[in-house]
Amino acid sequence: MISRAFAGVGALICLPLATVAVADQPKPWQLDLQEPVTPIMHQIKWFNHYSLWFIVPITLFVLALLIIVAVKFRAAKNPVASRTSHNTAIEIVWTVAPVLILLFLAIPSFNLLTAQLTIPQNPDITLKATATQWQWNYEYEGGDNPLAFDSYMLKEPDRAAAGKEDVKVYPRLLAVDNEVVLPVNKTVRVLVTAAPTDVIHAFAMPAFGVKIDAVPGRLNETWFKPEKEGLYYGQCSELCGKDHAFMPIAIRVVSQDKYDTWKAAAAGDLPGANKALMAATDAPAASVAVASK
Ligand SMILES: [Cu+2]
């Protein structure tokens, strides 16, 4: 709890620095959460800051009590210890106060959990993400153009051929060969699983407020609605073997038009569709593609 409070204080200090940088990926020395891009992540960020208003004062209060007790009642100053064993007023206060504090934390916490776990009835897109040691496979469910592809971490020798030389936009260990492409402001249901004979992985996208296990033989469900175009990065977040650190998740959020063009072309020629989309999103201004504020 104490370390969380310090992280929070650090985050508040560093906030002006964090907002300058791009919004879609981890930053050096970042302490706060990533910039929220979905309604759920806005709520998570709010709840994080809200709970710090309880955690920081409690931590400081307990620290102050400890210091007072250690100084005021030290053996040299207080050779005969008090034999007081009970005080009804104090018993009531330290029972009722924590109950109230926990209620103030529990109610918004359960609201958030409900919002996360309530899958929208009519999602615009259903995406299936299947984890394997050590890459992701994505399937676009339904519609006229079934589409499925593997997504591997971009290997350094392939950078130039993929047209992904800019390490700010395509960072080492986070960039992939084939990104998931999704339209902006659309509700996306994600079905998450792992290959039948594989191990447990986890699908995590910090800017979207999504983290859910990918379990062999089991279909987990989550959802998000990205509000801003950009290229967003996440990682497998369940220790899954020697290349666990090398199976990133990349989601490119684009306009509906660009998505439709990409989707129509991708079924026949995925590398070509990706190249065309990169030319359309990266070329005019690289800063747009990285969703800077
Ligand atoms: Cu994994």
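In this text, all values refer to a predicted model and were calculated from it rather than measured experimentally. (Residues numbered from 1 in each chain as written. Predicted model: local features only at pLDDT ≥ 70, side-chain atom pairs only at ≥ 80, totals over all residues. Heavy atoms only, no water.)

Caption draft 1: Just the nonpolar core, in detail. Grouped together as the largest cluster of nonpolar side chains are 40 residues, with contacts concentrated most on Trp 136, Tyr 138, Tyr 140, Phe 203, Phe 208, Ile 251 and Trp 262. Look past the residues within four positions of Trp 262 in its chain and what remains in contact with it is Tyr 140, Leu 147, Phe 149, Glu 179, Val 181, Leu 270, Ala 273, Asn 274 and Leu 277. Counting 11 residues, the second largest nonpolar core, distinct from the first, contains Ala 162, Leu 231, Ala 250 and Met 278. (Core = buried A, V, L, I, M, F, W, Y, C linked by side-chain atoms within 4.5 Å. Buried < 20%, exposed > 50% of the residue type's maximum accessible area, 1.4 Å probe, protein only. Contact = heavy atoms within 4.5 Å.)

Caption draft 2: Highlighting the packing of helix 5 (residues 256-266) against helix 6 (residues 270-282). Close contact between helix 5 and helix 6 brings their axes to 8 Å; oriented N to C, the two are set at 160 degrees. For the element pair helix 5 / helix 6, the angle class is roughly antiparallel. You can see that helix 5 and helix 6 cross each other, and the crossing is right-handed. For the pair formed by helix 5 and helix 6, the contact residues are Lys 258, Trp 262, Ala 265 and Ala 266 on the first element and Leu 270, Ala 273, Asn 274, Leu 277, Ala 280 and Thr 281 on the second. Tallied by class, residues from the contact of helix 5 with helix 6 come to 7 nonpolar, 2 polar and 1 charged. (Axes fitted to C-alpha atoms, helices over the stretch in contact; angles between N-to-C directions. Helix = DSSP H or I, 4+ residues; strand = E, 2+ residues; numbered from the N terminus. Parallel < 35°, antiparallel > 145°, perpendicular 65-115°, else oblique. Left-handed = near helix turned anticlockwise from the far one by under 90°. Nonpolar A, V, L, I, M, F, W, Y, C, P; charged D, E, K, R; others polar.)

Caption draft 3: Inspection of the coordination of the copper ion at higher detail. His 201 (ND1), Cys 236 (SG), Cys 240 (SG) and Met 247 (SD) make up the full set of protein donors to the copper ion, lying at 2.0 to 2.5 Å. Between the 4 donor atoms coordinating the copper ion, the angles at the centre fall across 95 to 127 degrees, so the site counts as tetrahedral. Overall, Met 247 belongs to the buried group, its relative accessible area being 2%. (Donors = N, O, S within 2.8 Å, 3.2 Å for Na, K, Ca; no water. Tetrahedral: all angles 85-135°; square planar, octahedral: opposite > 155°, others 65-115°.)

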